[in-house]
Amino acid sequence: MAKSPRYRFCVGPWNFSEGRDPYGPETRPAQSFDWKLAALKELGFDGMMFHDDDAVPEIDSKSPAQVLKEAKELRKRLDGEGIKAEMVAPRLWFHPNTIDGAYTSNDPKQRRYAVDRSKQTIDIARVLGTDLVVLWLAREGTYLRESKDGRRSTDLLVEALDAMLAHDKRIRLAIEPKPNEPMDHAYIPTIGHALAIAGLAKDPSRVGCLIESAHAILAGLDPADEIDFAMAFGKLWSLHLNDQNGLKFDQDKPFGSANLRVAFNQVRVLERTGYGKNGEFVCFDVHPFRTTKPEHALKHLSNSRETFERLVEKARSFPEKAAQKLVADRNYQDLDQLVLNHLMGT
Ligand code: XUL
Ligand code: MN
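Bear in mind the structure is a predicted one, so any value in this text is a computation, not a measurement. (Residues numbered from 1 in each chain as written. Chains lettered and ligands numbered in written order. Predicted model: local features only at pLDDT ≥ 70, side-chain atom pairs only at ≥ 80, totals over all residues. Heavy atoms only, no water.)

Asker: Go over the overall build of the protein chain with me, naming the residues and quoting the values.
Answerer: Check the secondary structure of the protein chain and you find 12 helices and 10 strands. Here the protein chain has a C-alpha radius of gyration of 20 Å; the compact-globule value for 346 residues is 20 Å, and the two agree. Overall size of the protein chain, expressed as C-alpha extent along the three principal axes, is 60 × 45 × 40 Å. Buried positions account for 53% of the 346 residues belonging to the protein chain. Carbon and sulfur atoms make up 53% of the accessible area of the protein chain, which amounts to about 16,200 Å² in all. One way to put it: in the protein chain the 49 positive side-chain charges average out to a point 3 Å from where the 51 negative ones average out. (Helix = DSSP H or I, 4+ residues; strand = E, 2+ residues; numbered from the N terminus. Rg over C-alpha atoms; globule rule 2.2 N^0.38 Å. Buried < 20%, exposed > 50% of the residue type's maximum accessible area, 1.4 Å probe, protein only. Areas by Shrake-Rupley, 256 points an atom, 1.4 Å probe, with all protein chains shown as cover. Lys, Arg positive; Asp, Glu negative; His and termini not counted. Charge placed at Lys NZ, Arg CZ, Asp CG, Glu CD.)

Asker: Describe in detail the side chain of Asn15, supporting the description with residues and values.
Answerer: Tracing the chain through its elements places Asn15 in the loop between β1 (9–11) and α1 (33–42). A distance of 3.0 Å separates a polar atom in the side chain of Asn15 from the backbone oxygen of Val286. Each residue touching Asn15, except ones within four places of it in the same chain, is listed here: Met49, Phe284, Asp285, Val286, His287, Pro288, His300 and Leu301. (Polar contact = N/O pair within 3.5 Å; in protein donor to acceptor, adjacent residues only side chain to side chain. Contact = heavy atoms within 4.5 Å.)

Asker: Now, about the site of ligand 1: what can you tell me, with residues and values included?
Answerer: Surveying the vicinity of ligand 1 reveals the residues Trp14, His51, Trp93, Trp136, Glu176, Lys178, Glu212, His215, His240, Asp250 and Asp285. Here an oxygen atom of ligand 1 sits 2.7 Å away from a polar atom, N or O, in the side chain of Glu176. Within the side chain of His215, an N or O atom sits 3.0 Å from an oxygen atom of ligand 1. Protein contacts shield 93% of the accessible area of ligand 1, which totals 290 Å² for the unbound molecule. (Near = heavy atom within 4 Å.)

Asker: Describe the coordination of the manganese ion (ligand 2), with residues and values.
Answerer: All of the protein donors around the manganese ion (ligand 2) are Glu176 (OE), Glu212 (OE), His240 (ND1) and Asp285 (OD); their distances to the metal are 2.0 to 2.3 Å. In this structure, the manganese ion (ligand 2) is surrounded by 6 donor atoms whose angles at the metal cover 78 to 172°, and the resulting shape is octahedral. As a motif over one chain, the donors of the manganese ion (ligand 2) read E-x35-E-x27-H-x44-D. With a gap of 45 residues between them, His240 in strand β9 (residues 236–241) and Asp285 in the loop between β10 (282–284) and α10 (299–316) connect regions that are remote in the sequence. (Donors = N, O, S within 2.8 Å, 3.2 Å for Na, K, Ca; no water. Tetrahedral: all angles 85-135°; square planar, octahedral: opposite > 155°, others 65-115°.)

Asker: An account of the pairing of β9 is needed here, citing residue identities and associated values.
Answerer: Across the 6 residues of β9, 6 count as buried, placing the element largely inside the fold. Strand direction decides the pairing type here: strand β8 (residues 207–212) and β9, joined by 4 bridges, are parallel. The residue of β9 that forms the bridge with Cys209 is Leu236. Bridge count for β9 against β10 is 2 bridges, and the pairing is parallel. Bridge assignment links His240 to a residue of β10, and that residue is Cys283. Crossover handedness for the path β9 to helix α9 (residues 260–273) to β10: right-handed. (Pairing = 2+ DSSP bridges. Right-handed = clockwise from strand over helix to strand, strands pointing away.)

Asker: Describe the environment of Tyr187, naming the residues involved and giving the relevant values.
Answerer: Position of Tyr187 among the secondary structure elements: in the loop between β7 (185–186) and α6 (191–198). For the pair Tyr187 and Leu270, spaced 83 residues apart in sequence, the C-alpha to C-alpha distance is 27 Å. Residues within four places of Tyr187 in sequence aside, it is in contact with Thr104, Glu140, Gly141, Thr142, Lys148, Asp149, Gly150, Ser153, Leu157 and His193. Only 3.2 Å separates the side chain of Tyr187 from the side chain of Ser153, close enough to count as a polar contact.

Asker: Tell me about the nonpolar core, and name the residues and values.
Answerer: Of all hydrophobic cores here, the largest spans 84 residues; its most connected members are Tyr103, Ile124, Leu173, Leu236, Phe284 and Phe308. With 12 residues, the next largest nonpolar core counts Cys10, Met87, Leu210 and Phe281 among its residues. (Core = buried A, V, L, I, M, F, W, Y, C linked by side-chain atoms within 4.5 Å.)

Asker: Now, about the packing of aromatic side chains: what can you tell me, with residues and values included?
Answerer: Under the definition given, this model contains 13 aromatic pairs. Both rings, one in Trp93 and one in Trp136, keep their centres 4.6 Å apart while their planes meet at 65°; by these two values the pair is edge-to-face. Of the two residues, Trp93 is situated in the loop between β3 (84–89) and α4 (108–128) and Trp136 in strand β4 (residues 132–136); the sequence distance between them amounts to 43 residues. For Trp93, a relative accessible area of 12% translates into the label buried. In this structure Trp136 comes out as partly exposed when scored by relative accessible area, which is 22%. Considering the side-chain rings of Phe255 and Phe284, the 6.5 Å spacing of their centres and the 40° angle between planes classify their relative orientation as tilted. Pair noted here: Phe255 is in the loop between β9 and α9 and Phe284 is in strand β10, with a separation of 29 residues, a long-range link. Residue classification places Phe255 among the buried residues on the basis of a relative accessible area of 2%. Three or more aromatic residues joined by ring pairs make a cluster, and in this case those are Tyr7, Phe9, Phe45, Phe255, Phe284 and Phe308. Note that Arg91 overlies the ring of Phe94, its terminal NZ or CZ placed 5.1 Å from the centroid. (Phe/Tyr/Trp six-rings, centres within 6.5 Å; stacked < 30°, edge-to-face > 60°. Lys NZ or Arg CZ within 6 Å of the ring centre and 35° of its normal.)

Following this line, the structure appears as C-alpha cells:
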C-alpha cells in the first residue's frame, strides 16, 4: 500500500459496530474494548476518538470521582499502547433527559443536565490528554417547526458553548454539523452555520468544526468545498471521512465507496491546504455493511485507509500543469476527462 507519512489515522469504538439497524438486530457479536484497541493497533492507526460513555461506560450511574478514576485508568491503558485520544464528545442523544434536545430542550432542568454532562466530558478530555471536544448536536433541532423558537435556540446554543469554554480555558470545541437524522431539521446543518455560531461565542478562537463527508452530502454540499471553506478560517480541527449515496439515511459507507471522484477531491484539498500539519487526525467514521461476516469486520477500516492512501498518490501525481493549461483555456470539457483518465489510470 502507498505511504502518506503526513497523516495520522483514527477511529472510534462505535465504528466496530455490529450491524443493527432500525429493522433488525445485530448480525455480528459485540467485541470488548480491549479487542477494539488491539484491532486498531493491528490496523496501524494512531488514535482513538471517544464519546464520554465510550471512555467511561454507564457514565450516568457513576460519581464524578469514579468517572475521573476510570478515565485515568483508560489514559494509562492508551499510553501503554501508544494510542492518542483524539477527542471526547458528550453523547447527548441517548438519555431520557435529552428526548426533546439537550442544550435547546424546552425544559430548563434538562438543559442543565446537558451542560453539566458536557462539563464532565471536558474533564474526561483533560484526563485523556486531548484539548478537543467534539459536539455533534444530534437532537438540537425540531421535528416540527412550531415546537421551538429558532432564535431562542441559537441563544441557548451560544450559552452552552460559553459555559463549556468557561469551564476549561484550554479546551477547543469542534462542532460537527449534520442537517438531519435524527431530527427533521437540525439547527446547525452546515459548516457555515458552525463557524457563524462560533463567532457569537465569548472566545470564538476556541470554537471550530469537524467535517463529516456524509453529513455534507446530506446537506446537498460538496465535502471538498466544506473543507476548503473551514480551512480558510483555520478552523478544521478534525475530519470524519466516509461516503454517502445521495439523500438517504446516514450511511457511513467506506471512504470513496459511493463516489470516488468526490473522495478524490476531498483528498486533493487536504493535500493543498495542509490538513494534518498541526497534528489534526484523519478519522474514518465508517461502519461495516450489515451483511459483513465477523471475520471481515475490520475491512471497512482497512479499505477506507487504502482508498485514502491511493487517492493521496493520485492527488500528488495529478497533472497539475496540464490541468492549469486547460483551466486557462476555459476547456473544462477536457479538464473533466483529464480528471477521469487520471482516476482510471490511463
Ligand atoms: C453521527 C456521527 C457521530 C459523531 C460523534 O452521525 O457522525 O458519530 O461523529 O458523536
Ligand atoms: Mn461523525
